[in-house]
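Chain by chain, the residues:
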Amino acid sequence: MGMKILNIVAYPFIAFIVGMLYMGIARNIIGRIHRRWGPPVFQNLIDVFKLYRKREAGSHGVMFHLGPIIMVTGIVSCLYFVPLLNNGVWLKGFSFEGDLILVTYLMVLGSLGMALGVGQGGVPFGVMGVTRGLTRLIGLEIPYFIAIIVLMAHYNTASINKIMELQAGGITHWGMFKLPLAFIASLFSFWGMMGASPFDIPGAPQEVASGPATEFGGKYLALMMTSRGIFGFLKLTLWVDLFMGGAATILILIGKTFLLFLTVLFVSAVYSRFKVEQAVDFMWRYPTLIGLIALVIEMVR
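Residues numbered from 1 in each chain as written. Predicted model: local features only at pLDDT ≥ 70, side-chain atom pairs only at ≥ 80, totals over all residues. Heavy atoms only, no water.

A few words on the overall build of the protein chain. Counting its secondary structure elements, the protein chain contains twelve helices and zero strands. Helices and strands in the protein chain line up, N terminus first, as α-α-α-α-α-α-α-α-α-α-α-α. Scaling as 2.2 N^0.38, a compact globule of 301 residues should have a C-alpha radius of gyration of about 19 Å, and the protein chain matches this with 19 Å. Seen through its principal axes, the protein chain has C-alpha atoms that stretch 55 × 50 × 40 Å. For the protein chain, the residues scored as buried account for 51% of the 301 residues in total. Sequence-distant contacts, at least 24 apart, represent 81% of the contacts inside the protein chain between residues at least 6 apart. Of the roughly 14,100 Å² of accessible surface on the protein chain, a fraction of 71% belongs to carbon and sulfur atoms. The average position of the 22 basic charges and that of the 13 acidic charges among the side chains of the protein chain differ by 9 Å. (Helix = DSSP H or I, 4+ residues; strand = E, 2+ residues; numbered from the N terminus. Rg over C-alpha atoms; globule rule 2.2 N^0.38 Å. Buried < 20%, exposed > 50% of the residue type's maximum accessible area, 1.4 Å probe, protein only. Contact = heavy atoms within 4.5 Å. Areas by Shrake-Rupley, 256 points an atom, 1.4 Å probe, with all protein chains shown as cover. Lys, Arg positive; Asp, Glu negative; His and termini not counted. Charge placed at Lys NZ, Arg CZ, Asp CG, Glu CD.)

This is how it looks when you write it as structure tokens:
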């Protein structure tokens, strides 16, 4: 009982701290690439704690207040079904057969909460950002779904824990090497889900003034930043579990997630932002085709 309570408390705490530090590291590295110093690594944490102490001045109805709460609740709920470690009982999450399907659905709940809150606010930039985000979602989810189907068919299970167990035995057993085409297809979706360039369409500062975050301030902006940090770490951990064999310790988990995170940063630093139609067209053309080839190979194997 004590271990379960400790797990419940530790899960969001670890995800929040690591996720916010990664966001700080990203700002710092991007700053160095642009030949400037950038903010300190801990700046995001400092900003969030400051924002939690401030009061929200504006109000646009009940859903404006509930939207950010639904968003963070959905993301934290999803987090509990993604194992952080692949051995023992510590940080294993609420695993069961079919949890991969549940996680796939819960990952959308955060975006839904944001859309409800922003829609109530009625700010044009926010609504435009949500519309852009939902359109992008249609594009990037198809290759992701195909990759997940390939994974479930190959390992004959929809349990994240069992998929990790079947990757034990060395690096050559990892999903990224056993199913390279499915991994490549999912990697494009992963970059899109992380919201970095060239897929940073919903919150493009030069076009829609940060989009969904435009009208939020104080503790609601802090909730959105908290959700972003936790959700980022959740997605990194999920990809490590599905394609990189999971992690036996927190240090290994941080090492693997950071390597994956670096790919997001390098892609973001090199490529400029897509237009909405370009992002959907790209996702439906190349990653989807790669995913379909992986699916056909798996079916005839």
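Now that the structure has been shown, the text picks up again.
Right, let's get into the pattern of salt bridges. Taken as a whole and assessed by the stated rule, the structure comprises four salt bridges. As a salt-bridge pair, Asp47 and Arg27 come within 4.0 Å of each other at their nearest N and O atoms. Of this pair, Asp47 sits in helix H2 (residues 43-52) while Arg27 sits in helix H1 (residues 2-33), and the two are 20 residues apart along the sequence. (Salt bridge = Lys/Arg side-chain N within 4 Å of Asp/Glu carboxyl O.)

Take the side chain of Asp99 next. The topology assignment puts Asp99 in helix H4 (residues 99-121). Here Asp99 is buried and forms no salt bridge, its nearest opposite-charge partner Lys162 lying at an N-O distance of 9.2 Å. In this structure the side chain of Asp99 is engaged in a polar contact, spanning 2.9 Å, whose partner is the backbone nitrogen of Ile160. In this structure Asp99 touches Phe81, Ala158, Ser159 and Ile160, once residues within four positions along its chain are discounted. (Polar contact = N/O pair within 3.5 Å; in protein donor to acceptor, adjacent residues only side chain to side chain.)

Looking now at unusual backbone geometry. Cis geometry marks the peptide bond from Ser197 to Pro198; its omega dihedral reads 10°. Phi at Asn156 takes a positive value of approximately 55°, unusual for a residue other than glycine. Here Asn156 lies in the loop between helix H5 (124-155) and helix H6 (160-165). For Asn156, a relative accessible area of 69% translates into the label exposed.

On to the packing of aromatic side chains. The full count for this structure, using the stated rule, is 19 aromatic pairs. For the ring pair Phe81 and Phe96, a centre distance of 6.0 Å and an interplane angle of 85° mean the geometry is edge-to-face. Taken together, the positions of Phe81 in the loop between helix H3 (62-79) and H4 and Phe96 in the loop between H3 and H4 put the pair 15 residues apart, joining distant regions of the chain. Looking at Phe81, the relative accessible area reads 19%, which means it is buried. With relative accessibility at 36%, the residue Phe96 sits in the partly exposed group. Ring geometry for Tyr144 against Phe145: centres 5.9 Å apart, planes inclined by 45°, an arrangement best described as tilted. The structure contains a cluster of three or more aromatic residues connected by ring pairs, namely Phe188, Trp191, Phe199, Phe274, Phe282 and Tyr286. Stacked on the ring of Tyr220, the Lys or Arg Lys219 has its end atom at 5.1 Å from the ring centre. Here the basic side chain of Lys235 rests over the ring of Phe231, its NZ or CZ set 4.1 Å away from the ring centre. (Phe/Tyr/Trp six-rings, centres within 6.5 Å; stacked < 30°, edge-to-face > 60°. Lys NZ or Arg CZ within 6 Å of the ring centre and 35° of its normal.)

This part takes up the side chain of Gln167. Within the fold, Gln167 resides in the loop between H6 and helix H7 (175-178). Within the local environment of Gln167, its side chain forms a polar contact with the backbone oxygen of Asp241, the two atoms lying 3.0 Å apart. Within the local environment of Gln167, its side chain forms a polar contact with the backbone oxygen of Leu242, the two atoms lying 3.1 Å apart. In contact with Gln167, other than residues within four places in its own chain, are Tyr155, His173, Trp174, Gly175, Asp241, Leu242, Phe243, Met244 and Gly245.

Moving on: helix H11 (residues 250-270). Here H11 contains 21 residues, and its C-alpha end-to-end distance of 30 Å stays within 8% of the 30 Å for a straight helix at 1.5 Å per residue. The set of residues buried in H11 consists of Leu253, Lys256, Thr257, Leu260, Phe261, Leu262, Val264, Leu265, Val267 and Ser268. (Expected span 1.5 Å × (residues − 1).)

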